[in-house]
Amino acid sequence: MYRFYLVFFTFLFFVLFCAKVDSRIVQETSAFEVVEPPSDFHLSSLCPSGWKKKNEYCVINYQYVNSLEKNGGLGQSLPNVELDPKIIDLGRYLFFDPILSGDQQLSCAHCHHPAYSLSDGMKQSIGKNGVGYGPNRKDGVVLKRSAPSLWNVVYMKHLFWEGRASNLEDQAEGPLYSPDEMGSSPEIIESRLNDNSFYQKMFREAYGLKGQRISAKLVVDALTSFEKSLVSFSSRFDKWSTGDKNALSKEELFGYNVFRSFVARCAECHPPPMFTNNVFATIGVLDSGERDYGRETITGQNLLRGSFRVPTLRNITKTAPYMHAGNLETLEEVVQFYNEGGGRGNGAPSDLRIHWHVRKMGLSQNEITSLISFLNTLTDESSMPKFPKSVPSGLPVAIELESYQHRSSKQ
Ligand code: HEC
Ligand code: HEC
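Reading the values: rules and limits
Residues numbered from 1 in each chain as written. Chains lettered and ligands numbered in written order. Predicted model: local features only at pLDDT ≥ 70, side-chain atom pairs only at ≥ 80, totals over all residues. UniProt positions renumbered as here; feature names shortened; annotations may be inferred. Near = placed C-beta within 6 Å. Helix = DSSP H or I, 4+ residues; strand = E, 2+ residues; numbered from the N terminus. Nonpolar A, V, L, I, M, F, W, Y, C, P; charged D, E, K, R; others polar. Core = buried A, V, L, I, M, F, W, Y, C linked by C-beta atoms within 7 Å. Buried ≥ 20, exposed ≤ 12 C-beta atoms within 10 Å, placed from the backbone. Contact = placed C-beta atoms within 7 Å.

By the naming in an unreviewed UniProt entry, the protein is Cytochrome-c peroxidase, taken from Leptospira harrisiae. Recorded under Subcellular location (unreviewed entry), the UniProt text for the protein is reproduced unchanged: "Cell envelope".

Right, dumping it as structure tokens:
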């Protein structure tokens, strides 16, 4: 069976140490478990945390989901998601396995890492030819934007900052086949996985393949099943909204009132329970380099210039730095930015149509501090995936200290 390793503390020290040396962003890292997979990579038929078994499938099992769906919540049922536990488990191995990238050095987890709450702690992610993972990744192609975390992506109506994909299947082809990111192709993926006896067996187990070859389509299907399992609905805020009135302190509750007030208006765009209304808005975040025209590049409407999908605020204290450009390092900076009127008060280009809810707010220091305390109550990482200590390809995963070095040692 599984043997569990808790490497978190050593890892935390290492990360903080490296982050200091590199003078990159230092933030509190998230706890996660590293597990030794079964020697034959037998797939688990257990549902991950947050899910329960119903007729062989996994369905969401959050204690607080009913209240999310009812009064004060969505006012409607969450879309019914049924996932096959073996396919989720297969997707987990693929997510952590660099075998999918052209040069076999980069996995999804390098940029969506459990220690950084499924993001990477960087302003802008580093793709192809980079070394290392999380905020210590360096030397490769610098991507245009910051990596979003993957919490509750199953409920997002548009994916990517400017919403260029409308489902996870189309989304996954972005990083996999982009030459600046994983630089792979369906042919590469298919030939490698069909040559790997573990993956042959795992795909047979998960999909009942009988003699058929593993297709890139199935790879994407498994990856997206895994991503759909990454839900977060058991925060202290959820406890409070189900009726546990002691779950939030007085200050946090005051912060929630600031959040939904007509002065701050945060809840207009970031309404509970998702803390996003899933639409596009222009708030006027400044780009550090080349201008990012956001949603306009998809629809051609200049009204949407510089607009982005409203991001969720769940686990927000864990996913600094913030915004599409990663240019705001802390929640203090974010609230300050809004308090000054967003782009209006921060010199955004005059051709942006900044949303009318984003105006100078004049929040007091006390209101700002309470608002940030409230954002702290949206943390729930209980569905954090288990990090496999090794993957079927045998390639180094984004946890081993030597994977910081492995590219250079090969050359
Ligand atoms: C080099 C770093 C990197 C790698 C590797 C990477 N991503 Fe991403 N990911 C990003 C960045 C950056 C974005 C935002 C890009 C944008 O909006 O233009 C993103 C966006 C996403 C999104 C959209 C989330 C949202 O809320 O809109 C999903 C889902 C995702 N990635 C999943 C994956 C999967 C699955 C893999 C592996 C097949 C992967 N990523 C590999 C950096 C990476
Ligand atoms: C008009 C809609 C709107 C309002 C009002 C609004 N936001 Fe946002 N928020 C957005 C959009 C859009 C983004 C992404 C912008 C970007 O990346 O350029 C965002 C980004 C954020 C982020 C960064 C999320 C991340 O993952 O990087 C935080 C934190 C945030 N908002 C908090 C707040 C708070 C607190 C308030 C109230 C003071 C607020 N927002 C009001 C639309 C809004």
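That covers the picture; the talk isn't over yet.
For the rest of this paragraph, the subject is the site of ligand 1. As a structural note, the neighbourhood of ligand 1 is formed by 26 residues, with Cys-108, Cys-111, Phe-160, Trp-161 and Pro-175 the closest of them. Looking at the shell around ligand 1, the elements with two or more residues in it are helix H4 (108-111), helix H5 (168-177) and helix H8 (216-228). Here the element with the most residues in the shell around ligand 1 is H5; it accounts for five residues. In terms of residue class, the shell around ligand 1 is built from 18 nonpolar, five polar and three charged.

Okay, the nonpolar core next. With 61 residues, the main nonpolar core has Leu-90, Leu-94, Val-219, Ala-222 and Leu-223 as its most contacted residues. Those elements that place two or more of their residues in this core are strand E4 (57-60), helix H3 (85-96), H4, H5, helix H6 (186-194), helix H7 (197-207) and H8. Take this core: its biggest share by element is seven residues, from H3. Excluding its chain neighbours within four sequence positions, the residues that come into contact with Leu-90 are Leu-43, Met-202, Ala-206 and Ala-222.

This next bit is on the site of ligand 2. Surveying the vicinity of ligand 2 reveals 25 residues, the closest of which are Cys-266, Cys-269, Val-285, Tyr-322 and His-324. For the shell around ligand 2, the secondary structure elements donating two or more residues are helix H11 (266-269) and helix H13 (331-339).

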